[in-house]
4 protein chains.
Amino acid sequence: MSLIEVSSELAYQVNEPTDFLFNVAVSKTNYQSIRDESVSVTPEVSYEMFQIGDEHNRLLRLKADPGSFTLAYQAVVNLMPELDNPPAIDEASYGELPSEVLVYLNPSRYCESDRLVRFAQQEFVKLEHGFSRVTAICNWIHTFLTYTPGTTDSRTSACDVLIQRTGVCRDYAHLAISLCRALCIPARYVAGYAVGLEPPDFHGFFEAYLGNRWYLFDATRMAPTNGLVRISTGRDAADASFATIIGAAIFQQMTVTAKELTHEIQDQPSQDEPAVSTV
Amino acid sequence: MSLIEVSSELAYQVNEPTDFLFNVAVSKTNYQSIRDESVSVTPEVSYEMFQIGDEHNRLLRLKADPGSFTLAYQAVVNLMPELDNPPAIDEASYGELPSEVLVYLNPSRYCESDRLVRFAQQEFVKLEHGFSRVTAICNWIHTFLTYTPGTTDSRTSACDVLIQRTGVCRDYAHLAISLCRALCIPARYVAGYAVGLEPPDFHGFFEAYLGNRWYLFDATRMAPTNGLVRISTGRDAADASFATIIGAAIFQQMTVTAKELTHEIQDQPSQDEPAVSTV
Amino acid sequence: MSLIEVSSELAYQVNEPTDFLFNVAVSKTNYQSIRDESVSVTPEVSYEMFQIGDEHNRLLRLKADPGSFTLAYQAVVNLMPELDNPPAIDEASYGELPSEVLVYLNPSRYCESDRLVRFAQQEFVKLEHGFSRVTAICNWIHTFLTYTPGTTDSRTSACDVLIQRTGVCRDYAHLAISLCRALCIPARYVAGYAVGLEPPDFHGFFEAYLGNRWYLFDATRMAPTNGLVRISTGRDAADASFATIIGAAIFQQMTVTAKELTHEIQDQPSQDEPAVSTV
Amino acid sequence: MSLIEVSSELAYQVNEPTDFLFNVAVSKTNYQSIRDESVSVTPEVSYEMFQIGDEHNRLLRLKADPGSFTLAYQAVVNLMPELDNPPAIDEASYGELPSEVLVYLNPSRYCESDRLVRFAQQEFVKLEHGFSRVTAICNWIHTFLTYTPGTTDSRTSACDVLIQRTGVCRDYAHLAISLCRALCIPARYVAGYAVGLEPPDFHGFFEAYLGNRWYLFDATRMAPTNGLVRISTGRDAADASFATIIGAAIFQQMTVTAKELTHEIQDQPSQDEPAVSTV
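Residues numbered from 1 in each chain as written. Chains lettered and ligands numbered in written order. Predicted model: local features only at pLDDT ≥ 70, side-chain atom pairs only at ≥ 80, totals over all residues.

### What to know about the relation of the copies chain C and chain B
Right, so step 1: Mapping chain C onto chain B calls for a rotation angle of 180 degrees and an axial translation of 0.1 Å; the resulting RMSD is 0.0 Å. Both chain copies can therefore be described as sitting about a two-fold axis. Minimal C-alpha separation from the rotation axis in chain C is found for C:Ile163, amounting to 3.7 Å.
Right, so step 2: In this assembly, 100% of the residues forming the interface of chain C have copies in chain B that are likewise at the interface, indicating an isologous arrangement. (Least-squares fit on C-alpha atoms with pLDDT ≥ 70 in both. Contact = placed C-beta atoms within 7 Å.)

### Things to note about the sheet that holds strand β14 (residues 243–246) of chain C
All names here are of chain C.
Right, so step 1: Spatial ordering of the open sheet is given by β4-β5-β2-β14, a layout of four strands whose pairing is antiparallel. Since the sheet does not close on itself, it has two edges, and those belong to β4 (47–52) and β14, each with one partner. Averaged over neighbouring strand pairs, the angle between their axes works out to 20 degrees when direction is ignored. (Pairing = 2+ DSSP bridges. Helix = DSSP H or I, 4+ residues; strand = E, 2+ residues; numbered from the N terminus. Axes fitted to C-alpha atoms, helices over the stretch in contact; angles between N-to-C directions.)

### Overview of the sheet that holds strand β15 (residues 249–260) of chain C
Residue and element names in this part refer to chain C.
Right, so step 1: The four strands are arranged β3-β6-β1-β15 in an open sheet whose pairing can be described as antiparallel. Only two strands of the sheet have a single partner each, and these edge strands are β3 (32–42) and β15. With strand direction ignored, the average angle separating the axes of adjacent strands in the sheet is 10 degrees.

### Points about the interface of chain C and chain D
Right, so step 1: Facing 27 residues of chain C, the contacting portion of chain D comprises 27 residues.
Right, so step 2: Put simply, the parts of the chain that give the side of chain C that touches chain D at least two residues each are β2 (18–22), β4 and β5 (57–64) of chain C.
Right, so step 3: Sorting elements by how many residues they give to the side of chain C that touches chain D places β5(C) first, with three residues.
Right, so step 4: Among the residues making up the side of chain C that touches chain D, the classes are represented as eleven nonpolar, six polar and ten charged. (Nonpolar A, V, L, I, M, F, W, Y, C, P; charged D, E, K, R; others polar.)

### Overview of the nonpolar core
Right, so step 1: Judged by nonpolar contacts, the single largest core of 327 residues is most densely connected at A:Ala176, B:Ala176, C:Ala176 and D:Ala176.
Right, so step 2: Beyond its immediate sequence surroundings of up to four residues, A:Ala176 is in contact with A:Ile137, A:Cys138, A:Ile141, A:Phe206, A:Phe217 and A:Ala219. (Core = buried A, V, L, I, M, F, W, Y, C linked by C-beta atoms within 7 Å. Buried ≥ 20, exposed ≤ 12 C-beta atoms within 10 Å, placed from the backbone.)

### A word on the arrangement of the chains
Right, so step 1: A gap remains between chain A and chain C, which never touch, and the nearest two C-alpha atoms on either side lie 10 Å apart.
Right, so step 2: In this structure chain B stays clear of chain D, and the shortest span between their C-alpha atoms is 10 Å.

### Focus: the interface of chain C and chain B
Right, so step 1: Contacts between chain C and chain B engage twelve residues on the former and twelve residues on the latter.
Right, so step 2: Every element with two or more residues in the side of chain C that touches chain B is listed here: α1 (117–124) and α3 (158–164) of chain C.
Right, so step 3: The biggest single contributor to the side of chain C that touches chain B is α3(C), with four residues.
Right, so step 4: When grouped by side-chain class, the residues that make up the side of chain C that touches chain B number six nonpolar, three polar and three charged.

### Section: the relation of the copies chain C and chain D
Both copies of the chain are placed relative to one another by a rotation about an axis and a shift along it.
Right, so step 1: After a rotation of 180 degrees and a shift along the axis of 0.0 Å, chain C superposes on chain D with an RMSD of 0.0 Å.
Right, so step 2: Most of the interface of chain C is mirrored in chain D, where 100% of its interface residues again form contacts.

### Description of the pairing of strand β13 (residues 228–234) of chain C
All names here are of chain C.
Right, so step 1: With seven of seven residues buried, β13 is to be regarded as a mostly interior element.
Right, so step 2: Sheet topology places strand β10 (residues 187–194) next to β13; six bridges connect them, and they run antiparallel. Note on β13: the bridge partner recorded for Gly192 is Arg230.

### Thoughts on the environment of A:Leu179
All names here are of chain A.
Right, so step 1: Checked against the element boundaries, Leu179 lands in helix α4 (residues 169–182).
Right, so step 2: Separated by 63 residues in sequence, Leu179 and Leu116 place their C-alpha atoms 6.8 Å apart.
Right, so step 3: In contact with Leu179, other than residues within four places in its own chain, are Leu116, Ala120, Phe124 and Ile137.

### Regarding the packing of helix α2 (residues 131–144) of chain B against helix α4 (residues 169–182) of chain B
Residues and elements named next belong to chain B.
Right, so step 1: Orientation of α2 relative to α4, taken along the N-to-C sense of each, is 140 degrees, at an axis distance of 10 Å. Our classification of the angle between α2 and α4 gives oblique. Viewed along their axes, α2 and α4 form a crossing whose handedness is right-handed. On the side of α2, the interface is formed by Val134, Ile137, Cys138 and Ile141, while α4 contributes Tyr172, Leu175, Ala176, Leu179 and Cys180.
Right, so step 2: Among the residues making up the contact of α2 with α4, the classes are represented as nine nonpolar, no polar and no charged. (Parallel < 35°, antiparallel > 145°, perpendicular 65-115°, else oblique. Left-handed = near helix turned anticlockwise from the far one by under 90°.)

Right, here's the structure in full:
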């Protein structure tokens, strides 16, 4: 169990009445509870907060008038991840998969798993199934990709990343998700706050469905998985934009923090993390 | 109201124990009820039928042993579509959209709406908003695309279609969905049976969210929208494969039928259809 | 006839012995002669200058040692373009095309003309053939694209540009070339210096083969075509990089100038330019 | 030295006066001479035969009237390839490359070598340079690709092939060319007749520039390289269509043969072929 304080502040210059959909509030799950939370918008406008989907993403919708606009979010989160023993976690057979996870085998905007079946077979089909196979995918990605901000953009998909061998956290996650799906392992994108991430920012990682639940993985190894605070869950980053803007607003600046108030989280991520599940 | 009999038969040569997920059973909605339904699998194996997602797609999962395998589905469906007056149907503003439809504004595997915003603006932004604007998108697609089987495949996305200007029903639907989303109109893919479709086959069309509900559109104009029987609903065709195969099975043949038992459905689809909603 | 002074200076930080291929020297053609020219490299290293291909691109190859490295090029060019009357210039029929221009009908890295045949037919097939049809292509591009630095990169091809509707000079040229080739009009890329270009930079434009020679076009309308000084000619920008680097060198800065010493070139480019040919 | 008889016959249904450019006649090189050659067109129309480019591709241009149309080509070719000892053949350094080969380092329509630099470095940079490195590229492709007619089409590029891991001869060649160029080894596409190819067809292979000349490679290992008769040479398959059609003609059928009249060519291609150069 660990207590984590997260915050984000997003500032815009709004040029005409503009709708915003913010995706920065943390999720409420069995293993992640909110002890304290605040939202503040400047100037004050009314906003609506709601959950969508089976994943209970908590979105915040509002309309801002022309001028400066700032959203500030802060929360103290109680993280109680389930920690399992990796060697004991097998893949579920297709027939055992719960019906609600099947959709996470389908290809999506940034994860064209349908195109990567042969590649995934060539590299990973002979490995022992289970947690260790998803770890092998993460290791492959960590070995062959170079983390290079600026080499990808909002159009970049897993196939592009596999070709060019560079990317940032969302690209790493997209490629990992695609390879899992190509091997018939349900996988999905998670956006969140991450303790220990340098420089501080929103983080993108992923979950694979193994045994009978979802486990967190981060192919970038930039932050320990037991310090990840879930904001939203979806098929890929297309479902997890921290801000959707309908209108005319210019992004000005952003501050993101994630700080452990207790001392349970490992300092440095490593290849030998426990298996962490938080939903 | 109309009574429609639909059927499909899918035959495979199975080479090793193989999991199948079939997506051929019709949905149950407020406007579409099942009067009679049968599933038969040869040789007999146990199967599981379940609904997934908010869209209540009804899937059938089973495991087949090596040898011939056939699935036969048949249903008599009572179709009671809501028919509205197109000029009266406006688009919802972003702030009014129900939270559960927001996900249908996101780009997806075959609908890269994020890349088509400028094109959609150039062609359609000045048109009167509402049902007529989605009709204008369908007309544009009908005018500029040539329906040409064999020119696209399972990798073809809306951007490919816009470039090459040919495709089949699923491609038409993907481009229409992408353009709607690019204009901030929620849109999604519908797979179904279609009365009057020549040659008989499964059909792919789409829904746009207007006013306060989903309306059916078919940019191919190959079958009247009030004769469409919904099988499944999803972000794009990635969510609506009629058969997903995990293992080794070779598709042998398929028969699909859709016949009106009453006489309410127009003979030929035209540009001036009523606005049809079936969920 | 006009006298134009052009210059470019390119500075690098070289980290290991590195080969450079520079493509900044102006071409010698029937209509473009060099009155004065100088190349200076700092620190001094030996370099080789040679012409390649039927287009006589003049390349400069050298090997630089670690440290700062600068190439400075300067030339005074006598430009004697042939000015024709646009309405009098027809397209050549396929059978009349000289054998050496046929290669400029083939698709290339950034000009996938093979994918754009239907689109080109839909938009331009009914127009009167000849100079005016290529002008119509330029006008279409000028109307539907927005010149936006930063929206494209070295991977962006004509199909990408047609989808996203933004780009810079090379993207405008690539799309125009692709559309010409799709209509069976030979077209090729020209890199050069441009009098009046703001901000000063290398420029990318294109040539179409009409009647019995090549004519210059610039779909960006950013500089008059009779003030364009040719550096190199190729299938697309892949043949016209101003610098190819084999090794490890970091680009530091660049200065490009093009100044008319006489006063023959129109101040502002317009849609009604004369037909200019310079080879 | 070996004597090879090659032939091709191409039949079309011509629906309107149509221009054809045929690319089926064998090249004349220092190592490949034509002892006997015939072209016959039915019905008889006049045709023009010419060489283009530095590669001396011999093209045949004609205009056919509506009706059936057949081109029959036959030649007896004297093949005198230079056979070198692979271990002795090194790569040329960039500074030593003859100016006319530099263009074969540029990316092209089907060979996006610019996108594959990191992948090529990861897989092949540490290998010993020279003939053996290009052989390693061929072996990699032979290992990881599955030769599967029908999985690729005329739009498929090297990056697509690397993703999907299937293709036919032209796809194998495109990927090999791209990897060579990404490693700064000039490489180009060769179309030709191939003794021993099953089923008989035109063949696509490639050349890499090593030492001081071009060497033939065939990553498919479907035919011995010393039985390859060159038709044309270009940047990729975009330069080597066996027939370009401007008008309306429907391809009906094709027969291609390549038969050794002497007995010098090995029966089965293997990994341990001599280094063959034929230009």
